[in-house]
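Now for the letters of each chain:
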Protein chains: 2
Amino acid sequence: MSSKRMTKQRKTVLEKLKNTRSHPTASELYWEVRKEIPQVSLGTIYRNLNVLTELGEIQEININNKVKRYDGNPEKHYHFFCQDCGRVYDLDGDYQKDLDKKFEKNNQHKITHHFLDFYGTCRNCLKDS
Amino acid sequence: MSSKRMTKQRKTVLEKLKNTRSHPTASELYWEVRKEIPQVSLGTIYRNLNVLTELGEIQEININNKVKRYDGNPEKHYHFFCQDCGRVYDLDGDYQKDLDKKFEKNNQHKITHHFLDFYGTCRNCLKDS
DNA sequence: TTAGTTGCAAACGCTTTGCCGAAAA
DNA sequence: TTTTCGGCAAAGCGTTTGCAACTAA
């Protein structure tokens, strides 16, 4: 059985992620962490993001098989992806638990959860057009 | 303006995809197409899948940033991903247009569509456990 | 002390691309 | 004939991994 250590690197990755509302990529996080730990490596960022995800401290965001993004908020919620600027935003609104039941017809399969991502144009990009 | 040609390769990719209920990867499709065009290359499969997607003849399925899968049915519908066997199934049930409105609060952004993927255990895997 | 972690660099897996000859239209 | 397309092989890109040194507990 393997216990996890809270290293300076792991702590910094977690802090950076908890302190932003954006949903950075591993590479973006790498440059942030480098401000404090200049010799950190990208491999370490990836390893820690995976560990923190397993621990349930953070979650991955997978939009369209593009680069993975990371969310410091591990609670279930939905995301909005702006097709103009590419940014990913959190959406207000409840997790729709009833969807799982709705699509679990005749008990042929067991649904445990779902992912729901919205696409469109964000407020900023609407202004510009 | 570029018109698209219906080559033997493109036609075969499209046929194979229309004639299966599975959601194959590019590589799986490659081996299928090779049965009829032994000298076909993987690059050609990828290029044609991209063209056919742009044309709206097929659609991509992106599950968890894993390998891309392809669906011969271009209509909006939802998928179920079995976490035990890894297979991807179509789900019966309507596209929930109302979700877009529900999460478009205060008109801060414009939602055009969404993707909704369900996770769980499929009927076959439930039997085995 | 010792198991988990890091930095480094190489490897990996999927997908795209440049080149040039082939073949639709 | 014109222009798109295919085969091939190399490159691209995000992510993972093997290894030896390091460090949290």
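A.B. asks: Quick one: what's the story with the protein's contact with DNA strand D, residue by residue and with numbers?
C.D. replies: Around DNA strand D there are 20 residues in total, and A:Y46, B:R5, B:T7, B:R10 and B:T44 lie nearest to it. The sugar-phosphate backbone supplies 68% of the atoms of DNA strand D found within 4 Å of the protein. A distance of 3.2 Å separates a phosphate oxygen of DNA strand D from a polar atom in the side chain of A:N50. Between DNA strand D and B:S41 there is a distance of 3.2 Å, counted from a phosphate oxygen to a backbone nitrogen or oxygen. Elements with a contribution of two residues or more to the surface near DNA strand D: α3 (42–54) of chain A together with α1 (8–18) and α3 (42–54) of chain B. With four residues, the single largest contributor to the surface near DNA strand D is α3(A). For the surface near DNA strand D, the per-class residue count stands at four nonpolar, nine polar and seven charged.

A.B. asks: Summarise the state of the cysteines; cite the residues concerned and give the values.
C.D. replies: A complete count under the given rule lists zero disulfides over all chains for this structure. Counting only cysteine sulfurs, A:C85 is the nearest neighbor of A:C82, a cysteine outside any disulfide, at a range of 3.6 Å.

A.B. asks: Describe the interface of chain A and chain B, and please don't skip the residues or the numbers.
C.D. replies: For an interface, size is often stated in terms of accessible area lost upon the parts coming together. Across the boundary between the two partners, chain A contributes 37 residues, which contact 37 residues of chain B. Contact between chain A and chain B buries roughly 3100 Å² in total, counting both sides, with carbon and sulfur atoms accounting for 60%. The tally of links between chain A and chain B comes to zero salt bridges. Applying the counting rule to chain A against chain B returns 16 residue pairs in polar contact (both at pLDDT 80 or more). Within the residue set of the side of chain A that touches chain B, elements represented by two or more residues are α4 (97–102), β5 (110–121) and α5 (123–128) of chain A. Here the side of chain A that touches chain B is built from residues that sort into 14 nonpolar, 13 polar and 10 charged. Inspection of the sheet shows β5(A) paired to strand β5 (residues 110–121) of chain B by 11 bridges, in the antiparallel sense.

A.B. asks: Now, about the pattern of salt bridges: what can you tell me, with residues and values included?
C.D. replies: For side chains of opposite charge, pairing can occur when their charged atoms come near one another. Here the structure, examined in full by the defined rule, presents 12 salt bridges over all chains. Close ionic contact of B:E36 with B:K16 constitutes a salt bridge, the shortest N to O distance being 3.0 Å. One end of the pair, B:E36, is in the loop between α2 (26–34) and α3; the other, B:K16, is in helix α1, with 20 residues separating them in the sequence. On the basis of relative accessibility, which here comes to 49%, the residue B:E36 falls in the partly exposed class. In this structure, B:E28 and B:R69 form a salt bridge, with 3.8 Å as the shortest nitrogen-oxygen distance. Pair noted here: B:E28 is in helix α2 and B:R69 is in strand β2 (residues 69–71), with a separation of 41 residues, a long-range link. Sharing partners across several salt bridges, the network here consists of A:K16, A:E32, A:K35 and A:E36.

A.B. asks: Please give an account of the packing of α1(B) against α2(B) that cites residues and values.
C.D. replies: All names here are of chain B. At a closest axis distance of 10 Å, the pairing of α1 and α2 adopts a crossing angle of 110 degrees. Between α1 and α2, the angle falls in the class roughly perpendicular. Both α1 and α2 take part in a crossing whose hand is right-handed. On α2, the residues touching T12, V13, K16 and L17 of α1 are L29, E32 and V33. For the contact of α1 with α2, the per-class residue count stands at four nonpolar, one polar and two charged.

A.B. asks: Give a detailed account of the pairing of β5(A), specifying residues and quantitative values.
C.D. replies: All names here are of chain A. Taking burial as the measure, the 12 residues of β5 include nine buried ones, the bulk of the element. Here strand β3 (residues 79–82) pairs with β5 via four bridges, running parallel. Bridged to F80 within β5 is F118.

Each value, and the rule that gives it
- Residues numbered from 1 in each chain as written.
- Chains lettered and ligands numbered in written order.
- Predicted model: local features only at pLDDT ≥ 70, side-chain atom pairs only at ≥ 80, totals over all residues.
- Heavy atoms only, no water.
- Near = heavy atom within 4 Å.
- Polar contact = N/O pair within 3.5 Å; in protein donor to acceptor, adjacent residues only side chain to side chain.
- Helix = DSSP H or I, 4+ residues; strand = E, 2+ residues; numbered from the N terminus.
- Nonpolar A, V, L, I, M, F, W, Y, C, P; charged D, E, K, R; others polar.
- Disulfide = S-S within 2.5 Å.
- Contact = heavy atoms within 4.5 Å.
- Buried area = accessible area lost by both parts, 1.4 Å probe.
- Salt bridge = Lys/Arg side-chain N within 4 Å of Asp/Glu carboxyl O.
- Pairing = 2+ DSSP bridges.
- Buried < 20%, exposed > 50% of the residue type's maximum accessible area, 1.4 Å probe, protein only.
- Axes fitted to C-alpha atoms, helices over the stretch in contact; angles between N-to-C directions.
- Parallel < 35°, antiparallel > 145°, perpendicular 65-115°, else oblique.
- Left-handed = near helix turned anticlockwise from the far one by under 90°.

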